[in-house]
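Coordinate analysis (summary)
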Amino acid sequence: MGRRDDLIAKYADDLKNKCGMSPDMDLLTKVTIGCGPSIYDADASTVAAGQPQELETVKDNFLIKKLGLSDGPQLMDAINQAIETYGQSERNKYRAVIYYMLTKHFGKESVYG
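Here the structure is a predicted model, which means the values were calculated and not measured. (Residues numbered from 1 in each chain as written. Predicted model: local features only at pLDDT ≥ 70, side-chain atom pairs only at ≥ 80, totals over all residues. Heavy atoms only, no water.)

Next up on the list: the pattern of salt bridges. Using the criterion set out here, one finds 7 salt bridges in the structure. Of the charged contacts in the structure, one is a salt bridge between lysine 59 and glutamate 56, with a shortest N-O distance of 3.4 Å. Taken together, the residues lysine 59 and glutamate 56, both in helix α3 (residues 52-66) and 3 residues apart, mark about one turn of the helix. When its relative accessible area of 10% is taken as the criterion, lysine 59 is described as buried. Beyond isolated ion pairs, a larger network of salt bridges with shared partners links Asp14, Lys18 and Glu90. (Salt bridge = Lys/Arg side-chain N within 4 Å of Asp/Glu carboxyl O. Helix = DSSP H or I, 4+ residues; strand = E, 2+ residues; numbered from the N terminus. Buried < 20%, exposed > 50% of the residue type's maximum accessible area, 1.4 Å probe, protein only.)

Looking now at the packing of helix α4 (residues 73-86) against helix α5 (residues 95-105). Their axes nearest at 10 Å, the elements α4 and α5 cross at an angle of 125 degrees. Judged by the inter-axis angle, α4 sits oblique to α5. Remark: the crossing between α4 and α5 carries right-handed chirality. Note on element contacts: α5 touches α4 through Val97, Ile98, Met101, Leu102 and His105, opposite Ala78, Ile79, Gln81, Ala82, Ile83, Thr85 and Tyr86. In the contact of α4 with α5, the residues fall into 9 nonpolar, 3 polar and no charged. (Axes fitted to C-alpha atoms, helices over the stretch in contact; angles between N-to-C directions. Parallel < 35°, antiparallel > 145°, perpendicular 65-115°, else oblique. Left-handed = near helix turned anticlockwise from the far one by under 90°. Contact = heavy atoms within 4.5 Å. Nonpolar A, V, L, I, M, F, W, Y, C, P; charged D, E, K, R; others polar.)

Printed below as a string of C-alpha cells:
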C-alpha cells in the first residue's frame, strides 16, 4: 500500500470510530484524491475548526466552488454540524473526512462520479 492508501485507511477509521459512520470507500478515495497534495502536509491536511477564516475557506473553496452549492447560512450550519460530528475536542480534524461528510450531507456524490 502507498502513502495515500495509508491515509485513506486512517480517514476511514476516523469516520467509523470518531464519527460513527460506515464510509463508502470509493467515495472516500475520490474525495481524498480531490484534496490533492494537501493531504501530505501536516497543516493543510487538517481543518482548524476554531479559526473562522478556515471555515470560510472550506465554505468558499469546497462547498461553493467544488460542490457548486449556493451561498447561504445552511453551508456554515453544515460545516459546524460536520465538526460537531467529528468532535469539537478532536485535535486532528482531517480535511478529507470533513469534505466527505459535507459531500454526503448535501448529496453531492455525483461531483465525484
